[in-house]
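Working through the structure, step by step
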Amino acid sequence: MNASTAIQPSDLRLGVNVDHVATLRQARGTSYPSVVDAARQAIAAGADSITVHLREDRRHIQDADVETLCASGDVAVNLEMALTDEMIDIALANKPRDCCLVPESREELTTEGGLDVAGQLERVRDGLDKLHGAGINVALFIDPDEAQIDAAAEAGARFIEIHTGAYADATDEGAAERELERIVAAAKRAADHGIEVHAGHGLHVDNVGAIAEIGSIVELNIGHALIARAVFVGLGEAVREMRAAMETARRNLH
Ligand SMILES: CC(=O)[C@@H](O)[C@H](O)COP(=O)(O)O
Ligand SMILES: NCC(=O)COP(=O)(O)O
């Protein structure tokens, strides 16, 4: 592989999820902190895109955040959403560059498992067709599971986002290693299907390296830990720290 085709650290994109900027705002129902200002600051500091999860219960991101961000023209938006008619209509009305279909339940504290594509293939295929028809890139947020990867390919997915939550939440090194092996295998299987591979959930500067070293993963979506870090160092510095951790790890690729 010559230098021109070697994987470059910049090959790995960073999507910053700003849900929890909205969590702080919703805590008091104020107009601040501005999600749009946070998005622009993150982009200025090196983020490639902004992820927002418009949940059915609107616990953090609001419809107006999606509308303003998508209308801004200077922020690449990745709209995370449940596979429902309501959310598909909102995506079609706002036309974010990207969507990511995620499972959702009101009782959950945060996203738990990945989307069950294998168990609802036609419904997923129908959702993909509607969003693709509007020119929206759509990723399926799925567990690092062979059957779900194969189902994503069968449904016509062009992108997946591998759920890294089990890896991030592993309580010991052995469990983390086993989850990492699942992610590596899933990323390779998806890439072999010709699917672009993203990853996210629970990542922070201390655990992102092993994921960033997986050459077939080209985008990471990171939110909660980065926003938490921003409380102490500011959003721009938190983004720069994450990018540096990703690029340092990416240089380990052969
Ligand atoms: C799908 C995923 O893992 C996250 O992007 C999601 O946004 C988590 O939901 P909360 O941000 O509500 O924790
Ligand atoms: N899809 C993952 C994401 O957008 C951010 O997840 P987290 O870093 O907030 O856990």
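Reading the values: rules and limits
- Residues numbered from 1 in each chain as written.
- Chains lettered and ligands numbered in written order.
- Predicted model: local features only at pLDDT ≥ 70, side-chain atom pairs only at ≥ 80, totals over all residues.
- Heavy atoms only, no water.
- Near = heavy atom within 4 Å.
- Polar contact = N/O pair within 3.5 Å; in protein donor to acceptor, adjacent residues only side chain to side chain.
- Areas by Shrake-Rupley, 256 points an atom, 1.4 Å probe, with all protein chains shown as cover.
- 1 Å grid on protein atoms, 1.4 Å probe; cavity = no way out; pocket = protein on both sides within 12 Å on 5 of 7 lines; lining within 4 Å.
- Sits in = over half its atoms within 2 Å of the grid points.
- Nonpolar A, V, L, I, M, F, W, Y, C, P; charged D, E, K, R; others polar.
- Buried < 20%, exposed > 50% of the residue type's maximum accessible area, 1.4 Å probe, protein only.
- Helix = DSSP H or I, 4+ residues; strand = E, 2+ residues; numbered from the N terminus.
- Pairing = 2+ DSSP bridges.
- UniProt positions renumbered as here; feature names shortened; annotations may be inferred.
- Right-handed = clockwise from strand over helix to strand, strands pointing away.
- Salt bridge = Lys/Arg side-chain N within 4 Å of Asp/Glu carboxyl O.
- Contact = heavy atoms within 4.5 Å.
- Points joined across faces, edges and corners; volume = space filled by probe spheres on them.

**Focus on the site of ligand 1**
Lining the immediate surroundings of ligand 1 are Asn17, Asp19, His20, His53, Arg55, His60, Glu80, Val102, Thr110, Thr111, Phe141 and His201. Here an oxygen atom of ligand 1 and a side-chain polar atom of Arg55 are 2.8 Å apart. Between ligand 1 and the protein, one listed contact pairs an oxygen atom with a side-chain N or O atom of His60 at 2.7 Å. When ligand 1 is considered free in solution it has 350 Å² of accessible area, and contact with the protein chains removes 92% of it. In a pocket analysis with a 2 Å cut-off to the grid points, ligand 1 is assigned to the largest pocket. Taken together, the residues that form the shell around ligand 1 break down as two nonpolar, seven polar and three charged.

**A closer look at the pairing of strand E1 (residues 13-17)**
Among the five residues of E1, four are classified as buried, and the element is accordingly described as predominantly covered. Of the strand pairs in this sheet, E1 and strand E8 (residues 217-222) are connected by four bridges, and their pairing is parallel. Among the inter-strand pairings, Val16 is bridged to a residue of E8, identified as Ile222.

**Some points on the UniProt feature "binding site: 3-amino-2-oxopropyl phosphate" (unreviewed entry) in the protein chain**
Feature annotation in UniProt assigns "binding site: 3-amino-2-oxopropyl phosphate" (unreviewed entry) to the following positions: Asn17, Arg28, Gly202, Gly223 and His224. These annotated residues cover 208 residues of sequence, and their C-alpha atoms reach 25.5 Å apart at the extremes, leaving them scattered rather than at a single site. Of the residues annotated just before, the largest pocket has Asn17, Gly202, Gly223 and His224 among its lining. As for its placement among the helices and strands, Gly223 is situated in the loop between E8 and helix H10 (224-233). Since its relative accessible area comes to 11%, Gly223 is described here as buried. We classify His224 as exposed; its relative accessible area is 56%.

**Section: the pairing of strand E5 (residues 137-142)**
Most of E5 is tucked away: five of the six residues are buried. As judged from the four bridges shared by strand E4 (residues 98-101) and E5, these two strands associate in the parallel manner. Note on E5: the bridge partner recorded for Asp98 is Asn137. Once the chain exits E4 it traverses helix H5 (residues 121-133) before rejoining the sheet at E5, and the crossover so formed is right-handed. Here four bridges tie E5 to strand E6 (residues 159-163), and the two strands are oriented parallel to one another.

**Things to note about the pattern of salt bridges**
One pass over the full model with this rule turns up 19 salt bridges. Between Lys130 and Asp126 there is a salt bridge whose closest N-O contact spans 2.6 Å. Remark: Asp126 and Lys130 occur in helix H5; sequence separation between them is four residues, near one turn of the helix. Using a relative accessible area of 37% as the deciding quantity, one classes Lys130 as partly exposed. Across the pair Glu179 and Arg182 runs a salt bridge, and its minimum N-O distance is 3.2 Å. Within this pair, Glu179 and its partner Arg182 are both found in helix H8 (residues 173-192), separated by three residues, close to a single helical turn. For Glu179, a relative accessible area of 17% translates into the label buried. In this structure, a network of salt bridges that share partners links the residues Arg13, Glu196 and Glu219.

**Some details on the side chain of Ser49**
Take Ser49: it is sitting in strand E2 (residues 49-53). Relative accessible area serves as the criterion here: at 1%, Ser49 is assigned to the buried category. Setting aside residues up to four positions removed in sequence, Ser49 forms contacts with Leu14, Gly15, Val16, Ile43, Ala76, Arg97 and Glu219.

**A few points about the layout of surface pockets**
Quantified by volume, the largest pocket comes out at close to 390 Å³. Forming the walls of the largest pocket are 23 residues, and the residues nearest its centre are Asn17, His20, Thr110, His201 and His224. Of all the secondary-structure elements, those providing two or more residues to the lining of the largest pocket are helix H1 (19-28), E8 and H10. In terms of residue class, the lining of the largest pocket is made up of six nonpolar, twelve polar and five charged. For the second largest pocket, the calculated volume is near 230 Å³. Taken together, His20, Val21, Leu24, Pro33, Ser34, Ala38, His224, Ile227, Ala228, Ala230, Val231 and Leu235 make up the lining of the second largest pocket. Mapped onto the lining of the second largest pocket, the elements with two or more residues apiece are H1 and H10. In terms of residue count, H10 provides more of the lining of the second largest pocket than any other element does, five residues in total. Of the residues in the lining of the second largest pocket, the class split is nine nonpolar, three polar and no charged.

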